[in-house]
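Residue strings, one per chain:
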Amino acid sequence: MENFLIIFLVLVSYTYMFVEASSSNSSSSGLNKNDSTTICDQYSRVCGPNGNCDEAKTCVCLDGFTPKSPTDYAYYLNFTQGCVRNKPLNCSTDVFVRYSSLKEPSGGYSLSNQQDCMGKCKSNCSCMAYNVILGGCKLWNGDLFDVRLVKQGGQDLYIRMAVSEEQEKSGGRKHGRKEGAVVGIVVGSTIVISMIIIASWYMLRKKTASK
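Attention in this report is confined to the structure presented alongside it.

Position of glycine 136 among the secondary structure elements: in strand β8 (residues 136–141). Here glycine 136 falls in the buried class, since its relative accessible area comes to 4%. Along the sequence, glycine 136 and leucine 111 sit 25 residues apart, while their C-alpha atoms lie 5.6 Å from each other. In this structure glycine 136 touches Leu111, Ser112, Asn113, Gln114 and Cys117, once residues within four positions along its chain are discounted.

The next point concerns the packing of aromatic side chains. What the rule picks out here adds up to two aromatic pairs. Look at phenylalanine 96 and tyrosine 130: their rings are 5.3 Å apart centre to centre, the planes differ by 70 degrees, and that puts the pair in the edge-to-face class. Of the two residues, phenylalanine 96 is situated in strand β5 (residues 95–103) and tyrosine 130 in strand β7 (residues 127–133); the sequence distance between them amounts to 34 residues. With relative accessibility at 6%, the residue tyrosine 130 sits in the buried group. Taken together, the ring pairs connect Phe96, Tyr130 and Tyr158 into an aromatic cluster.

This part takes up the state of the cysteines. Using the criterion set out here, one finds five disulfides in the structure. Put simply, cysteine 47 and cysteine 59 are joined by a disulfide, and their sulfur atoms are 2.0 Å apart. Its torsion about the S-S bond being -80 degrees, the disulfide of cysteine 47 and cysteine 59 is classed as left-handed. With cysteine 47 in the loop between α2 (39–42) and β1 (51–53) and cysteine 59 in strand β2 (residues 59–61), this residue pair connects regions lying twelve residues apart in the sequence. Take cysteine 47: its relative accessible area is 5%, and that puts it in the buried class. On the accessibility criterion, cysteine 59 (1% relative accessible area) is buried.

Moving on, we come to unusual backbone geometry. Backbone geometry places serine 101, a non-glycine residue, at a positive phi of 60 degrees. With respect to the helices and strands, the residue serine 101 is situated in strand β5. Notably, aspartate 146 is not glycine yet its phi reads approximately 60 degrees, a positive angle. If you trace the backbone, aspartate 146 turns up in the loop between β8 and β9 (147–149).

Before going further, it helps to examine the nonpolar core. Among the nonpolar cores identified, the biggest contains 21 residues, and Tyr99, Leu144, Leu157 and Ile159 are the most heavily contacted of them. For this core, the secondary-structure elements that each account for two or more residues are β2, β5 and β10 (155–161). Apart from residues no more than four positions distant in its own chain, leucine 144 is found in contact with Gly48, Pro49, Asn50, Gly51, Pro105, Ala129, Leu157 and Ile159. The next biggest cluster of nonpolar side chains, apart from the first, holds seven residues, and it includes Phe96, Cys117, Cys137 and Leu139.

So, how was this worked out
- Residues numbered from 1 in each chain as written.
- Predicted model: local features only at pLDDT ≥ 70, side-chain atom pairs only at ≥ 80, totals over all residues.
- Heavy atoms only, no water.
- Helix = DSSP H or I, 4+ residues; strand = E, 2+ residues; numbered from the N terminus.
- Buried < 20%, exposed > 50% of the residue type's maximum accessible area, 1.4 Å probe, protein only.
- Contact = heavy atoms within 4.5 Å.
- Phe/Tyr/Trp six-rings, centres within 6.5 Å; stacked < 30°, edge-to-face > 60°.
- Disulfide = S-S within 2.5 Å.
- Core = buried A, V, L, I, M, F, W, Y, C linked by side-chain atoms within 4.5 Å.

Given below as C-alpha cells:
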C-alpha cells in the first residue's frame, strides 16, 4: 500500500512541476494567457514573420508554414523567429490560398483602380499576399507580420503558396496547430496511470482482506 501511495504522489508532483514550468516560460516570454490585455495588441510582431496570433493568445504558424525554430516554439514559447514555408515557391506556378477572418498584416501598399488583384500580385514574384479593398487592392511583399485571427471584422487574405501546398490545404487541413499538446498528453496520461494504480491497490487490498 505504501509503495502505491509513493508512486501516486511522485506522478502528481511531476505533473504539477511540468505545468508550472510551462506556465513560467509563458510568462517570461510575454505570452501569459491569463493577461486581460490581448497579447497581440501589446507587442508588435510578437509572433514573428508568417506567424498568426490566434484567439487563445497563442502564436501558431499559418497553413503552409512551420516554426523556424521548433525548439523555441515547443519548449520556450519564444515565437519571435516566426515561421518559414514548408515548400519553396515557384513564381510561375504559385497559387493564392484564401485565409478568412484575419486582421490584415502590417505594412503593405495600396493600388487604386485595380480589378485583377491576383494577377497584379502574381506578376510580381516578391508579392506574397493581397486582399481586395474598396476601389482597388492591397499588396504585401516579403514576410507577413502581425497577422491575427479575429472573431469579427476580419478580412479575406490571399497568400501566395506552392501549388502542392494548396492541394494539401484543400484536402481539409485546419488553420495553424494548437500549441500545448504536450502538456495535455502528460496530464491525461498521469490521470490514467493514477486511476490504474488506485484500482490495483484497491483490488490488492480487497484480496488481502478476504484471506
